[in-house]
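# Descriptive analysis of the structure
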Amino acid sequence: MLDDYQRVALGLADWSRVRATSFHEHFTSSDELVAAIHDCEIVVAMRERTPFPAEVFDRLPHLRLLVTTGMRNAAIDLEAARAHGVTVCGTGGGSTSTVELTWALILGLARHLLPEATALRAGGPWQHTIGTDLHRRTLGLLGLGRIGSQVAAIGRAFGMDVLAWSQNLTRERAEECGARPAPGLDALLADSDVFSIHLVLGDRTRGLVGARELALMKPTAYLINTSRAAIVDQTALASALREGRIAGAGLDVFEEEPLPTGHEFRTLPNVLATPHLGYVSELNYATFFREAAEDIGAYLDGAPIRVLT
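Residues numbered from 1 in each chain as written. Predicted model: local features only at pLDDT ≥ 70, side-chain atom pairs only at ≥ 80, totals over all residues. Heavy atoms only, no water.

What counts, and what does not: UniProt positions are given in the numbering used here, feature names are shortened, and annotations may be inferred rather than shown by experiment.
If you look the protein chain up in an unreviewed UniProt entry, it shows as 2-hydroxyacid dehydrogenase from Microbispora bryophytorum. What UniProt records for the protein chain under Sequence similarities (unreviewed entry) is the sentence "Belongs to the D-isomer specific 2-hydroxyacid dehydrogenase family."

### What about the layout of surface pockets?
To keep things clear, this is the line we draw: The definitions used throughout rest on a 1 Å grid laid over the protein atoms alone, on which a cavity is an enclosed set of points accommodating a 1.4 Å probe that cannot get out and a pocket is an open set flanked by protein within 12 Å on both sides along at least five of seven lines; lining residues are those having an atom within 4 Å of a point. Grid points are joined across faces, edges and corners, and a volume is the space filled by probe spheres set on the points. Secondary structure elements are taken from DSSP: a helix is a run of H or I of four residues or more, a strand is a run of E of two residues or more, and numbering for both begins at the N terminus. Each residue receives one of three labels: charged for Asp, Glu, Lys and Arg, nonpolar for Ala, Val, Leu, Ile, Met, Phe, Trp, Tyr, Cys and Pro, and polar for the others, Gly being one of them.
By volume, the largest pocket is sized at about 940 Å³. At the level of secondary structure, the elements contributing two or more residues to the lining of the largest pocket comprise α6 (146-157) and α11 (282-300). Per-element tally for the lining of the largest pocket: the top contributor is α6, with 3 residues. Residue composition of the lining of the largest pocket, grouped by class: 10 nonpolar, 20 polar and 7 charged.

### A look at unusual backbone geometry
Between E257 and the following residue, P258, the backbone shows a cis peptide bond with an omega angle of -5°. Along the chain, the position of P258 falls in the loop between β9 (248-251) and β10 (271-273). A positive phi angle, near 50°, is found at R47, a position not held by glycine. Structurally, the position occupied by R47 is in the loop between β1 (42-45) and α2 (54-58).

### What to know about the side chain of T102
The test is simple: Pairs of N or O atoms within 3.5 Å make up the polar contacts considered here, provided that, within protein, one atom can donate a hydrogen while the other can accept it, and that residues adjacent in sequence are counted only when both atoms are side-chain atoms. The contact criterion used throughout is that any non-hydrogen atoms of two residues lie within 4.5 Å.
Among the structural elements, T102 can be located in helix α4 (residues 96-110). Side-chain polar atoms of T102 contact the side chain of T226, separated by 3.0 Å. If we skip the residues at most four places from it in the chain, T102 touches V151, S196, H198, I224 and T226.

### Here we look at the sheet that holds β9
As a reminder of what qualifies: Two strands form a pair only when DSSP identifies at least two bridges running between them. Axis geometry follows a simple rule: fit a line to the C-alpha atoms, using only the stretch in contact for helices, then measure angles between N-to-C directions, giving values from 0 to 180 degrees.
Taken together, 7 strands build an open sheet; the order of strands is β6-β5-β4-β7-β8-β9-β10 and the sheet is parallel. Of all strands in the sheet, those with a lone pairing partner are β6 (180-181) and β10, marking the two edges. Here β9 runs beside β10; their pairing, made up of 3 bridges, is parallel. Bridge pairing links A249 to V271 in β10. Its contacts with the sheet put α6 on β4 (138-142) and β5 (161-165), and the angle it makes with β4 is roughly 175°.

### Topic: the pairing of strand β7 (residues 194-197)
Short version of the rule: Only protein chains enter the area calculation, which uses a 1.4 Å probe; residues under 20% of their type maximum are buried, those over 50% are exposed, and those in between are partly exposed.
Neither face of β7 is left uncovered, since the one carrying V194 and S196 and the one carrying F195 and I197 both have all their residues buried. Here β4 pairs with β7 via 4 bridges, running parallel. The residue of β7 that forms the bridge with G140 is F195.

This is how it looks when you write it as structure tokens:
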């Protein structure tokens, strides 16, 4: 098991059919990864924490089964896996934990929870910020799929006007989710008080929000990203935050993870950042590891399940 940061994998499933080893630290290079798992026939990867490009498969001659938590993993080269005779299987997982974290970031920014809690612990000023009301403000959703639609429902419960856009969003889908369809991305950005991203990363969405798009946002608006960092130009986002051209950002995803120690997203005062916790919850982990063990058992029995390639 790779990237078992919380040291819980071995206790969350029955691994009795294999000799299981859990790695708790992230391997920062392919050389480290290959050295650690060179003799392994089965590997369980936690989401997209560790890439498996073709050159890694080239160096793992004994690997026969790669299990990824979740049913989609952009960090695995499925064609290379197939070419090397490696079966790739996935697991189930829920979306509610990411929805909940999205709202934790929104509320944390709007009510300045981190600076206020820090000041209270340190004996600092009492009530030194003024919170932003969400009621009657506009929640702009970039994407209205499984996660975005749930975020929309909570926005409506807060009395927010929900606006949404994506390349394939129809008026019918927007209205079904209680949202107004924006005429385009520019309008979505310009009208949003909270702009939250819920798209899958792909060729059409990589770099979708760049410097020009960020310049359309209100100086009082917040950007929330619990999807994938690369949807937003990270250099342009850092500049907008540093210069105060947007009020703040709630970020759970980064181009390099773990986020380097000296990265400014760790220290900018208008950033509320979390270490990719969207899927890190009790229910998700229980599903991930239980179904990973099931995948292994089915493979050993000659009838793989949840096969991705």
